[in-house]
Amino acid sequence: MKGIGYSLLFIVYSFCISCTSSPKDVAKLDALPEIYPDYIGVTIPADIAPLNFDMVNEDFDRMDVVASGSKGGEIHSEGSWADFDIDDWRALTEQNRGGKITFTVRVETDGHWRQYNDFEVFVSEAPLDDWGVTYRRIKPGYEVGGDIGIYQRDIHTFDEYAILTETVVPGRCFNCHTANRTNPNRLTLQMRGEGGGTMIQKDGHQVWVETKTDSTKAAGSYSYWHPAGDYVALAVNSVHQSFFTGTGQRIEVYHSFSNVEVLDIRTNELILSPLLQTDDLEIFPAFSPDGKWLYYSTSKPCRVPAEYEKVKCSLCRIAFDAATGQFGETVDTLLSGPATDQSYVLARPSYDGQWLMYCVSSRGNFPVSQSDADLWLMDLKTGATRELKEVNSDQSDSFHNWSENSRWFVFASKREDGMYTKLYFATIDERGRVSKPFLLPQRHPKKYYREMMDAYNCPDFTKTKVQFDAHEAYRQVFDKRRAIVNVKCKNVKM
């Protein structure tokens, strides 16, 4: 019945198009249109929000765009930018799974039409069934506080919803929101400063936890769920900013200390290992899909910010037994920062266990502030690694996460201007081949992105819409009542 509905929709729409006058006496140009965002040659999932776009660096009175599917279907937009109907677009992309959509762009100036060379967008057979993405939206300044908010976006429409904003909890800084393998029934969120804490949400019920103890240096952040949903890995650290003068570089972000721990959310007990509580900096934990390993990054302590260029993180892993809540007694170093004069952070294993995506830069453990930060991929079966040149730019590319089926990933990039991080998507096949990334679609992209002036960070997929009670968060934050954690074990061997 679904296919019949789409067919009827195209018949009706084709009739409407036949009644619409088409541009006449069109002059052909031997050039591709310069559009924003650059969607030329990208690969998209069916059902993604329409790839609306603007023309750039050209004055015109009217734009006419026709999108035609290689497997059938055609839709049309006419106006000051390409603005496609969501239902028509969805029908077109669904019909053309595994095919392509060809765009014909014409513009009119003073009654004269010009037509550019056609360009193509490919529709992947791999589905992206997640409902949406979550992210923090923040002005890219360096002050404390400001208009901070954690939002979620339906990626199949243009609808955005606030999860928690500073208007609800004034004067607080929060981030590190994490769902369990895209399932928001298990959700964490960290809040720093006065009244801060770690929020653990399980099946809609919020518990705010004080994770700082006499045995740990700070409260937890940079969280990651164990796939079983009973444990959350955390980094305890102190983050700082240092500013440059007289150079083209604005800022260096660094951590003065950091350790890694695991919280058992059933008992509110912290599980510590002496191998993760050293004078080195252990940071950015992530469990393997089978839950048997904990990946993290580590670097030798330096006198930061004076020795900021010496911070070289290695990528490591340690065994973890969920049945007993115990760590292994040895650490495996997968990539050595000091040996290669690089820094490896933000390990994110695909949920199917095939790939490990991570960030590489020349130094540091905060890649969003490093312009040379790039995404790399490791084959977990062979150990082979390669740079993802298909998606990297000459600005920071970092803070990546996987879709539930491990066929798509989202990441934050500063490629447009070196300051504002925006969200990009790309697909990956079974052989590790990656498509050209595309910017998160907006209804009127040029107006939205050029006037919003927000940076997007820490994106992640969610398989369903996040249900979150912001009023309950307000009550618990300002009541300052926190569940207290205990240290379960310090010296554990397996």
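Residues numbered from 1 in each chain as written. Predicted model: local features only at pLDDT ≥ 70, side-chain atom pairs only at ≥ 80, totals over all residues. Heavy atoms only, no water.

**Some remarks on the overall build of the chain**
The helix and strand tally for the chain stands at five helices and 35 strands. Taking 2.2 N^0.38 as the reference for a compact globule, 494 residues should give roughly 23 Å; the C-alpha atoms of the chain span a radius of gyration of 24 Å, in line with that estimate. Based on the C-alpha atoms only, the size of the chain along its principal axes is roughly 80 × 55 × 50 Å. Classification of the 494 residues of the chain by burial places 56% in the buried group. (Helix = DSSP H or I, 4+ residues; strand = E, 2+ residues; numbered from the N terminus. Rg over C-alpha atoms; globule rule 2.2 N^0.38 Å. Buried < 20%, exposed > 50% of the residue type's maximum accessible area, 1.4 Å probe, protein only.)

**Side note on empty space enclosed by the protein**
Taken as a whole and assessed by the stated rule, the structure comprises four cavities of 30 Å³ or more. One number sums up the size of the largest cavity: a volume of about 250 Å³. Lining the largest cavity are 20 residues, and of these His177, Thr178, Ser223, Arg348 and Asn401 sit closest to its centre. Per-element tally for the lining of the largest cavity: the top contributor is strand β13 (residues 173-180), with five residues. Of the residues that constitute the lining of the largest cavity, the class distribution is eleven nonpolar, six polar and three charged. Roughly 100 Å³ of volume is contained in the second largest cavity. Every residue lining the second largest cavity is counted, 14 residues in all, and those nearest its centre are Tyr254, His255, Val304, Val311 and Asn365. Per-element accounting of the lining of the second largest cavity gives the leading share, five residues, to strand β19 (residues 251-264). (1 Å grid on protein atoms, 1.4 Å probe; cavity = no way out; pocket = protein on both sides within 12 Å on 5 of 7 lines; lining within 4 Å. Points joined across faces, edges and corners; volume = space filled by probe spheres on them. Nonpolar A, V, L, I, M, F, W, Y, C, P; charged D, E, K, R; others polar.)

**Some remarks on the pairing of strand β12 (residues 160-165)**
When strand β11 (residues 149-154) meets β12, the two strands line up antiparallel, connected through five bridges. Across the sheet, the residue bridging to Gly149 is Thr165, located in β12. (Pairing = 2+ DSSP bridges.)

**Some remarks on the sheet that holds β13**
With respect to topology, five strands assemble into an open sheet ordered β13-β14-β15-β16-β34, the strand pairing being mixed. On the outer flanks of this sheet lie β13 and β34 (483-484), each paired with one strand and no other. Pairing of strand β15 (residues 197-202) with strand β16 (residues 205-210), which is carried by five bridges, proceeds in the antiparallel orientation. Across the sheet, the residue bridging to Lys202 is His205, located in β16. The sheet strands contacting helix α5 (residues 470-479) are β14 (183-192) and β16, and the helix crosses β16 at an angle near 25 degrees. (Contact = heavy atoms within 4.5 Å. Axes fitted to C-alpha atoms, helices over the stretch in contact; angles between N-to-C directions.)

**Notes on the sheet that holds strand β22 (residues 293-299)**
Across the sheet, which stays open at both edges, the four strands sit in the order β21-β22-β23-β24 with antiparallel pairing between neighbours. Whereas interior strands pair on both sides, the edge strands pair on one side only; in this sheet they are β21 (281-287) and β24 (326-335). The average undirected angle you get between the axes of adjacent strands in this sheet is 30 degrees. Where strand β23 (residues 314-321) and β24 come together, six bridges link them in antiparallel fashion. Counterpart to Cys316 in the pairing with β24 is Thr333.

**Structural notes on the nonpolar core**
With 93 residues, the main nonpolar core has Phe53, Met63, Phe103 and Phe409 as its most contacted residues. A total of five residues in this core trace back to one element, the largest contributor, which is strand β30 (residues 408-413). Residue contacts for Phe103: discarding those within four places in its chain leaves Phe53, Val65, Val66, Ala67, Phe84, Trp89, Asp118, Phe119 and Val121. Judged by nonpolar contacts, the second largest core, of 18 residues, contains Ile163, Leu164, Phe468 and Val477. (Core = buried A, V, L, I, M, F, W, Y, C linked by side-chain atoms within 4.5 Å.)

**Considering the packing of aromatic side chains**
To describe a pair of aromatic rings, you give the distance between the ring centres and the angle between the ring planes. Counting across every chain of the model gives 21 aromatic pairs. With centroids separated by 4.7 Å and ring planes inclined at 45 degrees, the aromatic side chains of Tyr222 and Phe284 adopt a geometry described as tilted. One end of the pair, Tyr222, is in strand β17 (residues 220-225); the other, Phe284, is in strand β21, and 62 residues separate them in sequence. Judged by its relative accessible area of 2%, Phe284 falls in the buried class. Ring centres of Tyr448 and Tyr449 lie 5.2 Å apart, and the angle between their planes is 90 degrees; this geometry places the pair in the edge-to-face category. By relative accessible area, which is 7% here, Tyr449 ends up buried. By the ring-pair criterion, three or more aromatic residues cluster together here, those being Phe53, Phe84, Trp89, Phe103 and Phe119. One residue, Arg137, lies across the ring of Tyr151, its end atom 4.2 Å from the ring centre. One cation-aromatic arrangement involves Lys465 over Tyr161; the distance from NZ or CZ to the ring centre is 3.5 Å. (Phe/Tyr/Trp six-rings, centres within 6.5 Å; stacked < 30°, edge-to-face > 60°. Lys NZ or Arg CZ within 6 Å of the ring centre and 35° of its normal.)

**Describing unusual backbone geometry**
The step from Tyr36 to Pro37 runs through a cis peptide bond, and the omega angle for that step is -5 degrees. Secondary-structure assignment places Pro37 in the loop between β2 (35-36) and β3 (43-44). A positive phi angle is found at Leu346, which is not glycine, with a value near 60 degrees. Summarising the element assignment, Leu346 is placed in strand β25 (residues 343-349). Even without being a glycine, Phe399 presents a positive backbone phi close to 45 degrees. Here Phe399 shows up in strand β29 (residues 397-402).

**Details of the confidence of the model for the chain**
Interpreting fine coordinate detail is not advised for predicted regions of low pLDDT. Counting all residues, the mean pLDDT for the chain is 90, and 91% of those residues have values of 70 or more. In this model residues 1-20 is a low-confidence stretch, pLDDT under 50, and it forms 19 contacts with partners more than four residues away in sequence or in other chains. (pLDDT = per-residue confidence, 0-100.)

**Considerations on helix α2 (residues 86-95)**
All buried positions along α2 are accounted for by Asp88, Trp89, Ala91, Leu92, Thr93 and Glu94. The backbone nitrogen of Asp87 lies 3.0 Å from a side-chain oxygen of the residue at the head of α2, namely Asp85. (Polar contact = N/O pair within 3.5 Å; in protein donor to acceptor, adjacent residues only side chain to side chain.)

**A word on the side chain of Ser299**
Structurally, Ser299 is set in strand β22. For Ser299, a relative accessible area of 3% corresponds to the buried category. Ignoring anything within four residues of it in the chain, the contact list for Ser299 reads Asp280, Leu281, Val311, Lys312 and Cys313.

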